[in-house]
Amino acid sequence: MSETMKAAVLHDVHDMRVEQVPKPEISTERDVLVRVRSVGVCGSDVHFFERGVIGKYRLNTPTIMGHEAAGDVVKVLDESCGLQPGDRVAIEPGYTCRRCEFCKSGRYNVCSDVVFLAAPPVHGAFCEYLAWPSDFLFKLPDSVSFDEGAMIEPLAVGLWAAKRGGVEAGDCVAVLGAGPIGLLTLQAASAEGATRIIVSDLEDGRLELAGHFGATDVIDASESDAADTVMELTGGRGVDVAFECAGAVPTLQMAMRVVRDGGTVQLVGMPAEQHPEIPLYEIINRELDVRGLFRYVNCYPPAISLVATNRVRVEPLVTHHFDLDEAPEVMTFVHERRDGVVKAVISP
Ligand SMILES: [Zn+2]
Ligand SMILES: [Zn+2]
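Residue indices follow the written sequence of each chain, beginning from 1 at its first position. The order in which chains are written sets their letters, starting at A; the order in which ligands are written sets their numbers, starting at 1. Reporting in this predicted model follows two pLDDT cut-offs: at least 70 for local features of residues, and 80 or more for side-chain atom pairs to be given and counted; totals over whole chains, interfaces and linings ignore these cut-offs and use all residues. Excluding hydrogens and water, the side-chain values take into account all heavy atoms of the structure.

A. Expanded view of the sheet that holds strand E16 (residues 239–244). Spatially, 6 strands are ordered E15-E14-E13-E16-E17-E18 in an open sheet, and the strand pairing comes out parallel. Of all the strands in the sheet, just strand E15 (217–220) and strand E18 (289–291) have a single pairing partner and so form its edges. Shown here is a sheet whose adjacent strand axes are inclined to one another by a mean of 15°, direction ignored. The pairing criterion is simple: DSSP has to find at least two bridges between the two strands. Each helix is a run of DSSP H or I of at least 4 residues and each strand a run of E of at least 2, with the numbering of both proceeding from the N terminus. Pairing of E16 with strand E17 (residues 259–267) involves 5 bridges; the strand directions are parallel. Paired with Val239 across the two strands is Val259, which belongs to E17. Lying over the sheet, helix H6 (residues 226–233) contacts strand E14 (196–201), E15 and E16, oriented at roughly 155° with respect to E15. Between N-to-C directions, angles span 0 to 180 degrees; the directions come from axes that are lines fitted to C-alpha atoms, helices contributing only their stretch in contact. Should any heavy atoms of two residues lie within 4.5 Å, those residues are counted as being in contact.

B. Fine view of the sheet that holds strand E2 (residues 15–22). Read across the open sheet, the 3 strands follow the order E2-E1-E6; overall the sheet is antiparallel. Bordering the open sheet on either side are E2 and strand E6 (63–64), each of which pairs with just one other strand. Note: strand E1 (residues 4–12) against E6, 2 bridges, orientation antiparallel. What sits directly across from Val9, in E6, is Ile64.

C. A look at the packing of aromatic side chains. Only Phe, Tyr and Trp rings are paired, with Trp represented by its six-membered ring, and only when their centres lie within 6.5 Å; those with planes under 30 degrees apart are stacked, over 60 edge-to-face, the remainder tilted. Tallying each qualifying case throughout the model produces 6 aromatic pairs. On the numbers, 6.5 Å between centres and 45° between planes, the contact of Tyr95 with Phe136 is tilted. Pair noted here: Tyr95 is in strand E9 (residues 94–95) and Phe136 is in the loop between strand E11 (129–133) and strand E12 (137–139), with a separation of 41 residues, a long-range link. Neither residue differs from the other here; Tyr95 and Phe136 are each classed as buried. Seen in terms of ring centroids, Phe138 and Tyr300 are 5.5 Å apart; in terms of plane orientation they differ by 35°. Their pairing is tilted. Within this pair, whereas Phe138 is found in strand E12, its partner Tyr300 is found in helix H9 (residues 300–308), the two being separated by 162 residues in sequence. What links up through ring pairs into an aromatic cluster is the set Tyr95, Tyr108, Trp132 and Phe136. Sitting over the ring of Tyr129, Lys23 keeps its end group 4.2 Å from the ring centre. For a lysine, the NZ atom is tested; for an arginine, the CZ atom; a charge sits over a ring if that atom is within 6 Å of the ring centre and within 35 degrees of the ring normal. It is Arg88 that lies over the ring of Phe146; its NZ or CZ is 4.6 Å from the centre. Relative accessibility decides the category of a residue: with a 1.4 Å probe and only protein chains considered, values under 20% of the type maximum give buried, values over 50% give exposed, and everything between is partly exposed.

D. Spotlight on the pattern of salt bridges. Should a side-chain nitrogen of Lys or Arg be within 4 Å of a carboxyl oxygen of Asp or Glu, the pair is scored as a salt bridge. Following the criterion strictly, the structure yields 19 salt bridges and no others. Asp240 is paired through a salt bridge with Arg260; the nearest N and O atoms lie 2.5 Å apart. Note that Asp240 is positioned in strand E16 and Arg260 in strand E17, a separation of 20 residues in sequence. Between Arg286 and Glu282 there is a salt bridge, with its nearest N and O atoms 2.9 Å apart. According to the relative accessible area criterion, Glu282 is partly exposed, its value standing at 35%. Salt bridges sharing common partners tie together Glu203, Arg206 and Arg337.

E. Structural context of the coordination of the zinc ion (ligand 2). Note on the zinc ion (ligand 2): its protein donors are Cys97 (SG), Cys100 (SG), Cys103 (SG) and Cys111 (SG). The metal-donor distances range over 2.3 to 2.4 Å. Sodium, potassium and calcium take a 3.2 Å donor cutoff, other metals 2.8 Å, and in both cases only N, O and S atoms count; water is not among them, so sites may look incomplete. Donor angles set the geometry label: tetrahedral for four donors if every angle is between 85 and 135 degrees, square planar for four and octahedral for six if opposite donors exceed 155 degrees and the others are between 65 and 115, irregular for anything else. Considering all 4 donor atoms around the zinc ion (ligand 2), angles at the metal cover 105 to 115° and the coordination shape is tetrahedral. When the donors of the zinc ion (ligand 2) are listed by position in the chain, the intervening gaps give C-x2-C-x2-C-x7-C. Of the two residues, Cys100 sits in the loop between E9 and helix H2 (101–104) while Cys111 sits in the loop between H2 and strand E10 (115–116), which places them 11 residues apart along the sequence. By relative accessible area, which is 4% here, Cys111 ends up buried.

F. Broad picture of the domain arrangement of the protein chain. Note that domain bounds follow an automatic or database assignment of domains. On domain assignment, one finds that the protein chain holds domain 1 (4–139 + 314–347) and domain 2 (158–291). A C-alpha centroid distance of 29 Å is found between domain 1 and domain 2. Buried surface at the junction of domain 1 and domain 2, both sides included, amounts to about 820 Å², of which 63% is carbon and sulfur. By the criterion of area lost to domain 2, the three top residues of domain 1 are Leu317, Arg337 and Val342, representing 54% of everything that side buries. The tally of links from domain 1 across to domain 2 stands at 1 salt bridge. Of the charged contacts in the structure, one is a salt bridge between Arg337 and Glu203, with a shortest N-O distance of 2.2 Å. Polar contact criterion, stated in full: a pair of N or O atoms within 3.5 Å, where within protein one must be able to donate a hydrogen and the other to accept it, and residues adjacent in sequence count only if both atoms are side-chain atoms. Counting across the interface, domain 1 meets domain 2 through 2 residue pairs in polar contact (both at pLDDT 80 or more). In this classification, the charged set is Asp, Glu, Lys and Arg, the nonpolar set is Ala, Val, Leu, Ile, Met, Phe, Trp, Tyr, Cys and Pro, and all remaining amino acids, among them Gly, are polar. Residues of the side of domain 1 that touches domain 2, tallied by class, amount to 5 nonpolar, 1 polar and 3 charged. Note: buried area is the sum, over both parts, of the accessible area (probe 1.4 Å) each one loses when the two are combined.

G. Representation of the pairing of strand E13 (residues 172–176). Counting buried positions along E13 gives 5 out of 5 residues, so the element sits mostly inside the fold. The two faces of E13 match: Cys172, Ala174 and Leu176 on one face and Val173 and Val175 on the other face are all buried. Looking at chain direction, E13 and E14 are connected through 5 bridges and run parallel. Each bridged residue has a counterpart across the sheet, and for Cys172 the counterpart in E14 is Arg196. A crossover links E13 with its parallel partner E14, the connecting element being helix H4 (residues 180–191), and its sense is right-handed. Of the pairings in the sheet, the one linking E13 to E16 comprises 4 bridges and is parallel in character. Counted as the bridge partner of Ala174 is Ala242 from E16. Look down the strands so they point away from you; if the path from the first strand over the helix to the second goes clockwise, the crossover is right-handed.

Here it is as structure tokens:
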């Protein structure tokens, strides 16, 4: 009988079980076996737990959740891959075909042959071991913890948002929504040179964190018309780049209102409504750039550098720790945002 490992498997909506599953084996020369040490719980894991579907991905077969992971290498078949047992690594959760026009032109995030952790039917990282190709594993310096290594994934999203949004030195930006992705987009925009960073959210605790992370202005959107406030703060001009990080239609509409003429609305969140009302004439007449975003491209190395040099701080985002056995309860804990949770991390 083959070896087994412990994993948190989502069988159906609200039905996650911690059980023994076959331990993965490495077979090709590019594969590396990683002992998973830290995995962040993402909104998408919770969404699968609650709804069983995200966009084109549907839970049709029991699937291990989790895609924000770091661990240490336990086995390699070919040391020329640049990794050896004992190396600590962050795991980029999607590997691609490396052959199509998008992979070759450096836009591998839109490769249609992607294999992405915890995107059913591909198993994720709420488990003890992962077999993963070496070119999507990135060594962590000793100064970067496993928890920080797991946070490289959401940071990669924030960094890609800042890059896609075209943030330039001296820019004034707005980050609408201060969940984990918003807080990391804020820090990434700062690292890219934004000097004025206005953040809005409905939760005090998150706005406080935004202040710690370098927001120059925070707006409690539950108390005032946040769009009016942004316009006042910018003397009626608006911001160079507005990041929609809440995944909600009102914040998307707000982003359109607070961006300056000729500015960029960078979509980061994923609203549930597929056909929201959008002011088309504003986009045309004010020449707005409204840009999509899907995951990230080549963001792991710079994200790791930013954390290693303390230019971006991810540790304060990790507010709660759990064992793998607790994974099913953690889904509900995060869904209900209990105890002010920002990011929960599971240690398998
Ligand atoms: Zn995620
Ligand atoms: Zn490809």
